[in-house]
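Coordinate analysis (summary)
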Amino acid sequence: GPLANPEEATRAWEGVLDEEPSDMQAIGELETLYEAAERWEALRELLDRRLDAATTDSERVSARVRLARLAERAFGRRDDALEQLRGVLEIDPQNGEALDELERLLTLEEDWEELVSLLERRAGNANGAGDWPAERDALDRIAKLHEEHRNDAHSALEIHGMILTTEPGHVSLQIGRAHV
């Protein structure tokens, strides 16, 4: 069972890893302990080890998402986080968690070009899955980006026109003072 002393627990699990460097249970337990102790560099090393030992795409995706979050939150390195998330999308182009995180980070970075491309990708994925509400949501966000951040009312209206073709009663975009 769990030890009352995190330092002793950490030493014990590190001992297990010394004996068996790929013990996933020890890695998992140490990840929890390192995170609680805010031992960020040690946690990054464990996540790198987990990524190196991954044998499935699911394991690689999970490790990369955690590395991305750690890079941003503990080290303040959004560029590293973005790189990890792009790596996730190379493995699983429709990974919702990575797409959400990437969208959030691109918004913080104010990288409107890449964000529009990402949202276009999301709209295409939704279209391919026959998920009109998700496609419409992505298109709405693209139109909003064109209007608010790219000063491109024409593109915003064009995209909204595409939405209205499929859903004539949809109202979501405000261009200048006129609500469309």
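Counted by the stated rule, this structure contains 0 aromatic pairs. Note that Arg77 overlies the ring of Phe75, its terminal NZ or CZ placed 4.7 Å from the centroid.

On to the nonpolar core, then. Ranked by internal contacts, the top residues of the largest apolar core, which has 28 residues, are Leu102, Leu115 and Leu118. When residues of this core are traced back to their parent elements, those giving at least two are helix H4 (57-73), helix H5 (78-91), helix H6 (96-109), helix H7 (112-128), helix H8 (132-148) and helix H9 (153-166). In terms of residues, this core owes the most to one element, H7, which gives 6 residues. Counting residues in each nonpolar core, the second largest holds 15 residues, with Leu30, Leu43, Leu46 and Ala63 among its members.

Using the criterion set out here, one finds 19 salt bridges in the structure. When the shortest N-O distance is used, the salt bridge between Arg50 and Glu31 registers 2.8 Å. Taken together, the residues span a long stretch of sequence, with Arg50 in helix H3 (residues 40-53) and Glu31 in helix H2 (residues 24-36) at a distance of 19 residues. Taking the shortest distance from any N to any O, the salt bridge between Arg122 and Asp100 comes out at 2.8 Å. Note that Arg122 is positioned in helix H7 and Asp100 in helix H6, a separation of 22 residues in sequence. Using a relative accessible area of 16% as the deciding quantity, one classes Arg122 as buried. Where salt bridges share partners, they join Asp100, Glu103, Arg122, Asp137 and Arg141 into one cluster.

Next up on the list: the packing of H6 against H7. Across the interface, H6 lies against H7 with an axial gap of 9 Å and an inter-helix angle of 155°. Relative to H7, the element H6 lies roughly antiparallel. Considering how the two elements wind past one another, H6 and H7 form a crossing that is left-handed. For the pair formed by H6 and H7, the contact residues are Gly96, Leu99, Asp100, Leu102, Glu103, Leu106 and Thr107 on the first element and Trp112, Glu114, Leu115, Leu118, Leu119, Arg122 and Asn125 on the second. Looking at the contact of H6 with H7 residue by residue, the classes come out as 7 nonpolar, 3 polar and 4 charged.

Looking now at the side chain of Gln84. If you trace the backbone, Gln84 turns up in helix H5. In terms of polar contacts, Gln84 uses its side chain to reach the side chain of Arg64, at 2.8 Å. Filtering out sequence-adjacent residues up to four positions away, Gln84 remains in contact with Arg64, Leu67 and Ala68.

Reading the values: the criteria
Residues numbered from 1 in each chain as written. Predicted model: local features only at pLDDT ≥ 70, side-chain atom pairs only at ≥ 80, totals over all residues. Heavy atoms only, no water. Phe/Tyr/Trp six-rings, centres within 6.5 Å; stacked < 30°, edge-to-face > 60°. Lys NZ or Arg CZ within 6 Å of the ring centre and 35° of its normal. Core = buried A, V, L, I, M, F, W, Y, C linked by side-chain atoms within 4.5 Å. Buried < 20%, exposed > 50% of the residue type's maximum accessible area, 1.4 Å probe, protein only. Helix = DSSP H or I, 4+ residues; strand = E, 2+ residues; numbered from the N terminus. Salt bridge = Lys/Arg side-chain N within 4 Å of Asp/Glu carboxyl O. Axes fitted to C-alpha atoms, helices over the stretch in contact; angles between N-to-C directions. Parallel < 35°, antiparallel > 145°, perpendicular 65-115°, else oblique. Left-handed = near helix turned anticlockwise from the far one by under 90°. Contact = heavy atoms within 4.5 Å. Nonpolar A, V, L, I, M, F, W, Y, C, P; charged D, E, K, R; others polar. Polar contact = N/O pair within 3.5 Å; in protein donor to acceptor, adjacent residues only side chain to side chain.

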